[in-house]
Amino acid sequence: MSDHKRLDGDRNDSAPGDEGVNTHEPLSGVKGYAIGLALASLLTAAAFILPGTGLIWGPAIPAALVVLAIAQMGIHLVFFLHITTGSDNQNNVIALAFGVLIVALVVLGSVWIMNHLHHQLMTPADMMRMMR
Amino acid sequence: MFGKLDWSAIPFDQPIPLIAAAAIGVILAAVLGWITVKGHWPYLWNEWITSVDHKRIGVMYVMLGVVMLVRGFSDVMLMRTHQAAAFGASQGYLPPEHYNQIFSAHGTIMIFFGSMPFIIGLMNFVVPLQLGVRDVAFPTLNSVSFWLTASGALLTNVSLVIGEFARTGWLPYAPLSETSYSPGVGVDYYLWALQIAGVGTLMSGVNLVTTILKMRAPGMGYLRMPMFCWTALGSNMLIVAAFPILTATLAMLTLDRYLGFHFFTNEAGGNPMMFMNLIWAWGHPEVYILVLPAFGIFSEVFSTFSSKPLFGYRSMVLATLFIVVVSFTVWLHHFFTMGAGGDVNAFFGISTSVIAVGTGVKVFNWLFTMYGGRVRFDTPMLWALAFVLYFVVGGMTGVLLAVPPADFLLHNSMFLVAHFHNVIVGGVIFGAMAGYEYWFPKAFGFRLDEGWGKLAFWLTVVGTVVVFGAFYIVGLEGMTRRLQHIDNLAWYDWIMVALAGTLLIAGGVLAQIMQLVVSIRHRDRLRDETGDPWDGRSLEWITPSPPPVFNFPVLPDVHGEEAYWEIKQRAIEQQQLSEVPDYQPIEMPRNSPTGVITAFFCTFVGFALIWHIWWLAALGLVGAYVTFVVFAWRDEVEFEIPAEEVERIDRARRESRQVILERGAPA
Amino acid sequence: MSGATAQAGRQHGARGHDPYALGHGHGGGGDHEATGHGEGGPASKRIITGYGFWIFLLSDIVMFSGFFAAYAVLAGETAGGPGGRELFELPRVAIETALLLLSSFTCGLGSVATERRSVFWTQIWLLATGLLGVAFLVLEVQEFVQMVAEGAGPQRSAFLSAFFALVGCHGLHVGVGILWLGTMMAQLWVKGFRADILRRLLCFNLFWHALDIIWVALFTIVYLLGSGA
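What counts and what doesn't
- Residues numbered from 1 in each chain as written.
- Chains lettered and ligands numbered in written order.
- Predicted model: local features only at pLDDT ≥ 70, side-chain atom pairs only at ≥ 80, totals over all residues.
- Heavy atoms only, no water.
- Helix = DSSP H or I, 4+ residues; strand = E, 2+ residues; numbered from the N terminus.
- Rg over C-alpha atoms; globule rule 2.2 N^0.38 Å.
- Buried < 20%, exposed > 50% of the residue type's maximum accessible area, 1.4 Å probe, protein only.
- Lys, Arg positive; Asp, Glu negative; His and termini not counted.
- Charge placed at Lys NZ, Arg CZ, Asp CG, Glu CD.
- Contact = heavy atoms within 4.5 Å.
- Buried area = accessible area lost by both parts, 1.4 Å probe.
- Salt bridge = Lys/Arg side-chain N within 4 Å of Asp/Glu carboxyl O.
- Polar contact = N/O pair within 3.5 Å; in protein donor to acceptor, adjacent residues only side chain to side chain.
- Nonpolar A, V, L, I, M, F, W, Y, C, P; charged D, E, K, R; others polar.
- Expected span 1.5 Å × (residues − 1).
- Phe/Tyr/Trp six-rings, centres within 6.5 Å; stacked < 30°, edge-to-face > 60°.
- pLDDT = per-residue confidence, 0-100.
- UniProt positions renumbered as here; feature names shortened; annotations may be inferred.
- Core = buried A, V, L, I, M, F, W, Y, C linked by side-chain atoms within 4.5 Å.
- Pairing = 2+ DSSP bridges.
- Axes fitted to C-alpha atoms, helices over the stretch in contact; angles between N-to-C directions.
- Parallel < 35°, antiparallel > 145°, perpendicular 65-115°, else oblique.
- Left-handed = near helix turned anticlockwise from the far one by under 90°.
- Patch = residues over 30% accessible without salt bridge, like charges linked within 9 Å, V, L, I, M, F, W, Y side chains within 5 Å.
- Areas by Shrake-Rupley, 256 points an atom, 1.4 Å probe, with all protein chains shown as cover.

**Some thoughts on the overall build of chain B**
So, point 1. A count of helical and extended segments in chain B gives 19 helices and 2 strands.
So, point 2. Compactness check: chain B gives a C-alpha radius of gyration of 25 Å against a globular reference of 26 Å for 667 residues, within 12% of the reference.
So, point 3. Its C-alpha atoms give chain B principal-axis dimensions of about 75 × 60 × 45 Å.
So, point 4. Relative to its full complement of 667 residues, chain B shows a buried share of 62%.
So, point 5. Taken as two groups, the 37 positive and 47 negative side-chain charges of chain B have centres that lie 5 Å from each other.

Structural data, given as structure tokens:
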């Protein structure tokens, strides 16, 4: 790694939650929070209202809700927590990615394993019912 | 007033715990009395108990770990002698309910209060020194972490006299651990001791991850960190990612037991298998939390005692990160027999075999590090060599167990017991011993006696080979684990062999204690004047032994993978030390009793919750909160060491270095 | 809020009488503003603290993932008792969501006021955040009490156990956050914008926003999917 690059790397770092050090984001300050609030409200409202309107094909509703939730988490991360893709945020984003990976492994893994078990075996509740 | 607590909680009818407790009580009273008579309390309070110095906290962690390893080993003696006496018509001397507590306490203490503090202590002591910085990221939090761990250890041991410990094994499998089958306080002791210690471990993990990622000496890029720092980073990333799962799982079991929830019960739709699933989602990464730092220690030891840079540094880094991620995809291999389908078992079987590749890469790197080097067989190196031989066997049997059909035969057998002791003793304990022998001179300024060290090494290693060799064989012959009474007389000979091995290990433990006693007595002869007793390669060896409170008078500039080695070689080449730096005053964090006071209150909270003494629990929580507020309110948080003092301390260091330089190549 | 003000704020935070400076600026690396990925020496205390707290938050989210996993597995186990469709009242959840989202916004405005070093506005926005949080908690407790009164308490079925634990864990976090908030407001009142208090405010902001993110996952997976399915 060249010295020049190293120095650049050194100057680019910010605490999570701090707004970018070098990047002059247009979306900082009150304006940033207001836009974040507006977008988040929009997505929340959509999540609450859309399933009742019949605009989304029934079986696709869960998927749509999950997509809306993920979008809203993204909005929160960017506008409220100031976790962006800027170079000053690298470490914060890597840590977040690791966390998301673990969350996904734990939740999806558990669901996969336990569903399989459910198909293979009786649950204790079923067993109790049989014994009665 | 006192919830479930009354005089019946004390086991007057059982002589063994009472005598043991009385003995511990007498020893404790003697030690405390001696401290009081000698007037050492102010020293202890100011220099150790309230210390926020990472080195002091590291040493205290290791001391806690050593004491608890001995405590866990006393359980071993009970189990082995009992099993040897419990064949056929003979019933042995431990009733089943007591025997069950002993093997549960053995596992719990060895993992949570023996190995974990030992390993965390070594990381605490070494990582900031290797990174070339003055302390960890959050020094006071570090002290809180340590004292919470100690609080958990205390609660576990209190269960010896007041009440009982869990009879459920080291992981309290549901539904056995539910109130319907374990109505006593044993499981509650387990739950609260682990929750309190777990918070400490989690905070220590946060602390070390932040330290390694955000605080390094100038010039120390990621790929210039010593291997031990990398493995410590991996281990602490795993702590941060895995311990919360333990917290959540134990919280669910606590809700089941205290408020009648139905997470893991047989009734009302609860699912006990979910407990297995969640606890092992933590439990498997936990294995790597323990063993990764040990891998790091061995990397340092192999390179130092082979007088060569570590072979394949980058592949080591990759292997470490590979293990970190893959360790989260193998947890089902602990319960292949639970009944999940073939494709689930196949996935986890394959991923379990795959994770061995990371370790395999490391093993070859260690071997190639020795190849062509000038290998010195000091005690740390002996532990490292024994580790490679021993751990490879353990790893192989692990891959064997990773094959689901084979696991169906070997599940819960003594073969399994042999396997995980093989890797944990061979990996973690040997690693901890290597680290202890290796860094002891750095921590205390004198070396450990080599003769006693080697005796302890041989006794322990031969003993473990004998014990677990016997276990492998009886396991293949069909003996299951946790037997309080054995009917099959065909296993008798092997159980006696295991007993003999245990006695060898006991000799090793005694020799290890003797080594410490002898070394303290001969400390002047064993004094490490240079600060670099092993001809080391990383930055901790640039400091004097023991290092001053600020570690480095000026933060060292790092120019390569082996920071200190290059500085040393330059000095030898030019026959002079680096220029006298421009000393500046150094600000260091003030000591704080926050940690010990918080832990004091948390111990009461835990004890009160175990015995349902609600007012005391509330009081303890308020106390812990007030402690934190008082801590947050203080104005003077640091003190300054004047530049002249820094210069004086560093001048002494430079003089001793100058002497070595003039003497020729450093010893 | 311009970048320049933010920069000034950061310098105020990092310089001065910085606790636990741990020798920043005394090392060979020198300028401790210019640190970051570790190569130029240790990072500034503000970055270290923020990053450490960020790691802690991630661990907290992993803890929630344990409860989410339990909920996902046990959601169908109603043991003949009431399910989400009968129990959940979406209007209340919508109000709770609005309260928490607004509190996240006021919390953000508080951090803007902090960067402008306005004690008055910081306190006002923190107070608003806390009040919104309390309102959220009141609604949640009301929901819990109502459910228990209907015989749908956590002892009824595994589904309800998982529900109460997951939602209750989030509620507990909000409660702890409010306690923290109150303590911090008192501290800000007495001590003003000290560097360590600025760092704690940064951590509190992170904490509060993270709770809102968890709530997004919660209302989607538990309430919206639960009342539909």
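The discussion continues.
**Looking at the interface of chain B and chain C**
So, point 1. Every contact between the two is made by 59 residues of chain B and, on the other side, 55 residues of chain C.
So, point 2. In total, chain B and chain C occlude about 4,500 Å² of area from one another, counting both sides; carbon and sulfur atoms represent 67% of this.
So, point 3. By the criterion of area lost to chain C, the three top residues of chain B are Lys214, Phe263 and Trp633 of chain B, representing 15% of everything that side buries.
So, point 4. The interface formed by chain B and chain C includes 2 salt bridges.
So, point 5. The partner of Lys191 of chain C in a salt bridge is Asp635 of chain B, with the nearest N and O atoms 2.7 Å apart.
So, point 6. Taken together, the connections running from chain B to chain C amount to 13 residue pairs in polar contact (both at pLDDT 80 or more).
So, point 7. Elements with a minimum of two residues in the side of chain B that touches chain C: α5 (139–158), α6 (186–214), α7 (227–259), α8 (272–305), β1 (586–589) and α18 (614–633) of chain B.
So, point 8. With 10 residues, α7 of chain B is the largest single contributor of residues to the side of chain B that touches chain C.
So, point 9. A class-by-class count of the residues in the side of chain B that touches chain C yields 39 nonpolar, 11 polar and 9 charged.

**Remarks on helix α1 (residues 15–38) of chain B**
Residue and element names in this part refer to chain B.
So, point 1. With 24 residues, α1 extends 34 Å between its outermost C-alpha atoms, agreeing within 8% with the 34 Å of an ideal straight helix rising 1.5 Å per residue.
So, point 2. Among the residues of α1, Pro17, Ala21 and Ile35 are the ones counted as buried.
So, point 3. On the buried face of α1, the contacting elements are α2 (41–49) and α4 (96–131).
So, point 4. Positive backbone phi, at 70°, marks Gly39, one or two positions downstream of α1.

**Quick look at the packing of aromatic side chains**
All names here are of chain B.
So, point 1. One pass over the full model with this rule turns up 69 aromatic pairs over all chains.
So, point 2. Between Phe112 and Trp282, the aromatic rings sit 5.6 Å apart at their centres with planes inclined by 10°, giving stacked as the arrangement. Of the two residues, Phe112 sits in helix α4 while Trp282 sits in helix α8, which places them 170 residues apart along the sequence.
So, point 3. Assessed through its relative accessible area of 0%, Trp282 is described here as buried.

**A short note on the confidence of the model for chain C**
Residues and elements named next belong to chain C.
So, point 1. Taken residue by residue, chain C gives an average pLDDT of 80. The fraction at 70 or more is 82%.
So, point 2. By mean pLDDT, helix α1 (residues 3–14) is the weakest element of chain C at 37, and helix α5 (residues 119–149) is the strongest at 93.
So, point 3. Residue range residues 1–38 is modelled with pLDDT below 50. Its contacts to residues more than four positions away, or to other chains, number 107 contacts.
So, point 4. What the predictor reports for the complex is a pTM of 0.89 with an ipTM of 0.89.

**Side note on the UniProt feature "transmembrane region" (unreviewed entry) in chain C**
All names here are of chain C.
So, point 1. In this numbering, the UniProt entry assigns the feature "transmembrane region" (unreviewed entry) to residues 51–73, 93–112, 119–139, 159–181 and 202–226.
So, point 2. A helix fraction of 100% and a strand fraction of 0% characterise residues 51–73, whose end C-alpha atoms lie 33 Å from each other.
So, point 3. When the span residues 119–139 is considered, its composition is 100% helix and 0% strand, and the gap between its end C-alpha atoms is 30 Å.

**Some points on the UniProt feature "domain: Heme-copper oxidase subunit III family profile" (unreviewed entry) in chain C**
So, point 1. The residues that UniProt annotates with the feature "domain: Heme-copper oxidase subunit III family profile" (unreviewed entry) are residues 51–227 of chain C.
So, point 2. In the segment residues 51–227 of chain C, helix accounts for 86% and strand for 0%; the C-alpha atoms at its two ends are 38 Å apart.

**Digging into the nonpolar core**
So, point 1. Within the largest apolar cluster, 302 residues are counted, with the highest numbers of intra-cluster contacts made by Trp282 and Trp366 of chain B together with Trp54 and Phe163 of chain C.
So, point 2. Discounting chain neighbours no more than four positions away, the residues touching Phe163 of chain C are Tyr71, Phe88, Glu143, Phe144, Met147, Gly168, Val222 and Tyr223 of chain C.

**Comments concerning helix α2 (residues 45–74) of chain C**
So, point 1. Along its 30 residues, α2 of chain C runs 44 Å from first to last C-alpha, staying within 8% of the 44 Å computed at 1.5 Å per residue.
So, point 2. Most of α2 of chain C sits out of view: 27 of its 30 residues are buried.

**Description of the environment of Pro17 of chain B**
Residue and element names in this part refer to chain B.
So, point 1. One can find Pro17 in helix α1.
So, point 2. Along the primary structure Pro17 and Ser159 are separated by 142 residues, whereas in three dimensions their C-alpha atoms are 9.8 Å apart.
So, point 3. Aside from chain neighbours lying at most four places away, what touches Pro17 is Pro11, His98 and Leu160.

**Observations regarding the pairing of β1 of chain B**
Residues and elements named next belong to chain B.
So, point 1. Residues Ile586 and Met588 point to one face of β1 and Glu587 and Pro589 to the other, with burial holding for every one of them.
So, point 2. One ladder, built from 4 bridges, connects β1 with strand β2 (residues 638–641); its direction is antiparallel. Each bridged residue has a counterpart across the sheet, and for Ile586 the counterpart in β2 is Ile641.

**Observations concerning the packing of α4 of chain B against α8 of chain B**
Residues and elements named next belong to chain B.
So, point 1. Contact geometry for α4 and α8: axes closest at 11 Å, N-to-C directions at 45°. Of the possible angle classes, the one that applies to α4 and α8 is oblique. Where α4 crosses over α8, the handedness of that crossing is left-handed. Where α4 approaches α8, its residues Ile111, Phe112, Ser115, Met116, Ile119, Leu122, Met123 and Gln130 are matched on the opposing element by Trp282, Glu286, Ile289, Leu290, Pro293, Ile297 and Glu300.

**Observations regarding a nonpolar patch on the surface**
All names here are of chain B.
So, point 1. A cluster of nonpolar side chains, namely Val66, Val70, Leu510, Ile513, Met514 and Val517, defines an oily patch on the protein surface of about 460 Å² accessible area.
So, point 2. Where the nonpolar patch is concerned, the elements lending two or more residues are α3 (54–84) and α15 (492–521).
So, point 3. Per-element tally for the nonpolar patch: the top contributor is α15, with 4 residues.
So, point 4. Along the chain, the position of Val66 falls in helix α3.
So, point 5. Given a relative accessible area of 33%, Val66 falls into the partly exposed group.

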